[in-house]
Amino acid sequence: ILAQDQRTAVRTDKSCGALLEVRPKAFCAMQLFVAGHFASVLSLTPVEQVINMMAGLQAKIEKEGKDEATLYEKFGCFCRERTDQKSDEIADGAATVGDLTGELATLVSDRDTTNTDIASSESSIKSEQRTLEAENADWEDKVSKFNRDHDDLQRGKRECDDAIALLKAARPDGALVQVVGKLKSVVPLADALGYKSSARAMSFLQDPSSAGGLQNIIDIVEDLDQDFVTGIEDIQRTHLQNKHTHQDLVQTYKGNLDAFGVTLRDQQKELASLNEEIAETQKQLTRTQASLYDNQMYLKDLTDKCESKAKEWDQRAAMRADELGTISEAIAIVKGTVKTQADATSQSGHGQRVLLIADSDDELTAQTDGQQYKAEVQSLLAQSKSLLQRAQSGDGAAATPQFVQVAQTTRHLRARGSPRDRVVELLNSKASKLHSQVLAEVAAQAAAGDPFAKIKTLIQQMIERLLEEAGGDAEHEGWCNHEMEKTKQKRDYQSENVAAAAEEIHRLEARASQLEDQEAKLEHQISELTSAFNEANATRTQEHADNEEAVADAGEGKEAVEKAIDILTKFYKKAAKAKVELVQQPDDAPDTGFSGAYKGGQEENGGILGMLAVIQSDFARTIAETNKAETQAAREFTEFKKETNKSLAQKNAALTQTLSDLSETHTALGDEVQNLKTEQTGLNNAIVEWEKLRPACMNLGATAYAERKAAREDEIESLKQALCILADPAGAANC
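Please read these numbers as outputs of a predicted model, since none were measured by experiment.

Looking at this structure, I do not really get the overall build of the protein chain. What am I missing?
The secondary structure content of the protein chain amounts to 14 helices and zero strands. Starting at the N terminus and walking to the C terminus, you meet the elements of the protein chain as α-α-α-α-α-α-α-α-α-α-α-α-α-α. Taking all 735 residues of the protein chain together, the buried fraction comes to 29%. The long-range fraction of contacts in the protein chain, counting pairs at least 24 apart against all pairs at least 6 apart in sequence, stands at 82%. Surface accessibility of the protein chain: about 45400 Å² in total, with carbon and sulfur atoms responsible for 54%.

Dropping the structure here:
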């Protein structure tokens, strides 16, 4: 019944350790019975001894039941606490898995969006590249066409110049064939281009005689030549305009490509960052899921084991309850029928027979030295009982000698090396050797003459107390080792983090200094490029104005020379054709000094016209060379402007990127400084925890623990040896 009550208490009580407060009345009664057992042992009959033995067994069973209940309660507490702990960890892990899953989904969505943005940027770059390639191809076509047209016009001008030179340098009849041959190759070109001079030239080719005189032919060729010169200037001007337009478009497209490239790089950086975050989140999710699975498996295994242990406890408790019921029933029978019959037999004169049976049992068991000692003790007890009965009857004089005799006999037994003496000697020796107060106390109790059963109980209690102390000491040592190692790891981890943060700050500071130097360098280079371009642009503007003025001046001079040539040519042509009728002069008339029509200074005019032609050629050459120089200067300035703008764009882009990197570096530096403070605080906390643990753990030390453990084991071994001697005096030599 008591065991069943204990089992019910263990299964229903939710407070760990509550069973330790249970004090069953039957167990308390057993304790009182054991305490008074030695006081009344001298008056016990064999029947009462049997009853006491069963009661002792019953008490032992009840004690074992209580001890098991205490241990099971601790196990139940462990099951409940660990179940609650793992359930909380599983709930937290499931929540964390949910959070990480959601976070991972968000990151994946962001990555998909970034991939879409990257694809869009790449598409924009390809489209802009195709547009740039198309513009370049179109420009190449225009350049090819310009080169063809320019070559044709230059060829036409050269043919015209050659024809004019032939006409002016040779006799008209001899040069006319060559001039016609040259004009045949260029007049169709002029006609195709719609030049007005082509009509007269075409008519001349069809009928050279229709042109009139040499000067008319020269005029036709010169008009044609002038149209070619104008055509060359027109296509050059148009080509220059197209080139400027092309360069502006190319610069715009390249600027767009650079902007798209910057956007694409930013998107790629964001994608790389997202991929890192996804990998880290996936890693955390995997670890959390693994931890959650481990906790779930642990909880399942724990539940199975706890339930199995509960079933085992139920069986043991039920069996113990049945056992106690059986013993109680037996005790009731002995106390009832057996004791009644024994008392009746004693009162009817059969007591001597009972005593003889007891003596016979003693003689049968007194075969060894230990058994003989037991028989002597039984005899002394019987004598003590007789003395007590006599003292109660008033025969004090007779009682005194007998009591002295008992004491002397007892001392005689001790002098012979009794178990008590050997136990006292053993415990005193071990207490002195081990400096053990525990062994000394037990030796004092044994030497005081306490009954053996009490000494055995005391020794057993001492052994149990030492075992409990050993368990507590080992548990404390394990706790200290765990906490010290955990704190040391935390301290080392925080120290590594502080060193890493400091190293990262140093790297970021060096990076910031490098970027600041780069920023200053780029700004200086941009300033120098801008200044150089502005200076070159001003120089080019002035040069262009000077060239235009030179061409205008040369043009005016050329026109004036051409006008002079035209006037002289017309006059001398006309003069050369002058004719007069010859009149016979009278014989007696004086000589006038001339004869015939006057044709002017044809020879001198030829030299004059030649010189004017040279001057005209110089003006034309000045115009051509100035235009050529202007074209070359414009082309070189355009190339310079292109390269300068390209360099400025690159350096401005580099400056923008440098400023962005510098801002990011400053931000990262601030974050890392804050991280260093956080890690330093963590390190300080770890050091404080370490210092707190030192008084409780490090002052004891592994050596002190080992010494305490060895001393305690020696004490336990000495107590067990003492128990062995008391339990089997005859075999004390084997203890």
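Back to the write-up after that little detour.
I tried to follow the state of the cysteines on my own but got confused; where do I start?
With the rule as written, the count across this model stands at one disulfide. Here Cys79 engages in a disulfide with Cys306; their sulfurs sit 2.0 Å apart. Residues Cys79 and Cys306 are joined by a disulfide whose S-S torsion is about -95°; by sign, that bridge is left-handed. Remark: Cys306 occurs in helix H7 (residues 214-365) and Cys79 occurs in helix H3 (residues 46-169); sequence separation between them is 227 residues. This pair shows no difference in class: Cys79 is buried, exactly as Cys306 is.

Just to check I follow, could you spell out the packing of aromatic side chains for this structure?
Aromatic ring pairs are reported here in terms of the distance separating the ring centres and the angle at which the planes meet. Tallying each qualifying case throughout the model produces six aromatic pairs. Taking 5.8 Å as the distance between ring centres and 85° as the angle between the ring planes, the aromatic pair formed by Tyr195 and Phe228 counts as edge-to-face. Taken together, the positions of Tyr195 in the loop between helix H5 (187-193) and helix H6 (197-206) and Phe228 in helix H7 put the pair 33 residues apart, joining distant regions of the chain. On the basis of relative accessible area, Phe228 is assigned to the buried category, the value being 0%.

Help me understand the environment of Lys488 in this model?
Here Lys488 shows up in helix H12 (residues 452-576). The exposure class of Lys488 is partly exposed, given its relative accessible area of 33%. With 198 residues separating them along the chain, Lys488 and Ala686 place their C-alpha atoms 7.8 Å apart.

Could you clarify how one ought to interpret the side chain of Asp661 in this entry?
Counting through the fold element by element, Asp661 comes out in helix H13 (residues 602-698). In contact with Asp661, not counting residues within four places along its chain, are Arg511 and Leu515.

Explain the nonpolar core here, please?
As a rule of thumb, soluble globular proteins bury nonpolar side chains together. Within the largest apolar cluster, 23 residues are counted, with the highest numbers of intra-cluster contacts made by Val179, Leu183, Phe204, Val221, Leu224 and Phe228. Those elements that place two or more of their residues in this core are H3, helix H4 (172-184), H5, H6 and H7. Examining the composition of this core, we find that seven residues originate from one element, H7, more than from any other. Apart from residues no more than four positions distant in its own chain, Phe228 is found in contact with Leu153, Gly156, Lys157, Cys160, Val186, Leu189, Ala190 and Tyr195. Met462, Leu466, Ile716 and Ile725 belong to the second-largest nonpolar core, a separate cluster that totals twelve residues.

Could you clarify how one ought to interpret the pattern of salt bridges in this entry?
Opposite charge on two side chains makes pairing possible when the charged atoms of those side chains draw close. Evaluation of the coordinates by the stated rule reveals 24 salt bridges. Lys168 is paired through a salt bridge with Glu222; the nearest N and O atoms lie 3.1 Å apart. Placement of the pair is Lys168 in helix H3 and Glu222 in helix H7, with a sequence separation of 54 residues. On the basis of relative accessible area, Lys168 is assigned to the partly exposed category, the value being 42%. Here Glu280 ties to Arg287 by a salt bridge, and the two come within 4.0 Å at their closest N and O atoms. Here the salt bridges share partners, and the residues they tie into one network are Glu159, Asp162 and Lys182.

How should I be thinking about a negative patch on the surface in this particular structure?
A contiguous patch of negative charge, built from Asp99, Glu103, Asp110, Asp112, Asp117, Asp266, Glu270, Glu276, Glu277 and Glu664, is present on the exposed surface. Counting residues per element, the ones that place at least two in the negative patch are H3 and H7. Among the elements that line the negative patch, the one with the most residues is H3, at five residues. With respect to the element layout, Glu276 can be found in helix H7. Look at Glu276 and you get exposed, because its relative accessible area is 58%.

Would you mind going over a nonpolar patch on the surface with me for this structure?
A grouping of Met611, Val614 and Ile615 is seen on the molecular surface, where their side chains present a nonpolar patch of about 250 Å² in accessible area. On the secondary structure map, Ile615 appears in helix H13. Residue class for Ile615 comes out partly exposed when judged on its relative accessible area of 32%.

The rules behind the values
- Residues numbered from 1 in each chain as written.
- Predicted model: local features only at pLDDT ≥ 70, side-chain atom pairs only at ≥ 80, totals over all residues.
- Heavy atoms only, no water.
- Helix = DSSP H or I, 4+ residues; strand = E, 2+ residues; numbered from the N terminus.
- Buried < 20%, exposed > 50% of the residue type's maximum accessible area, 1.4 Å probe, protein only.
- Contact = heavy atoms within 4.5 Å.
- Areas by Shrake-Rupley, 256 points an atom, 1.4 Å probe, with all protein chains shown as cover.
- Disulfide = S-S within 2.5 Å.
- Phe/Tyr/Trp six-rings, centres within 6.5 Å; stacked < 30°, edge-to-face > 60°.
- Core = buried A, V, L, I, M, F, W, Y, C linked by side-chain atoms within 4.5 Å.
- Salt bridge = Lys/Arg side-chain N within 4 Å of Asp/Glu carboxyl O.
- Patch = residues over 30% accessible without salt bridge, like charges linked within 9 Å, V, L, I, M, F, W, Y side chains within 5 Å.
- Lys, Arg positive; Asp, Glu negative; His and termini not counted.
- Charge placed at Lys NZ, Arg CZ, Asp CG, Glu CD.

Honestly, that's just the spatial picture; any functional story needs more than this.
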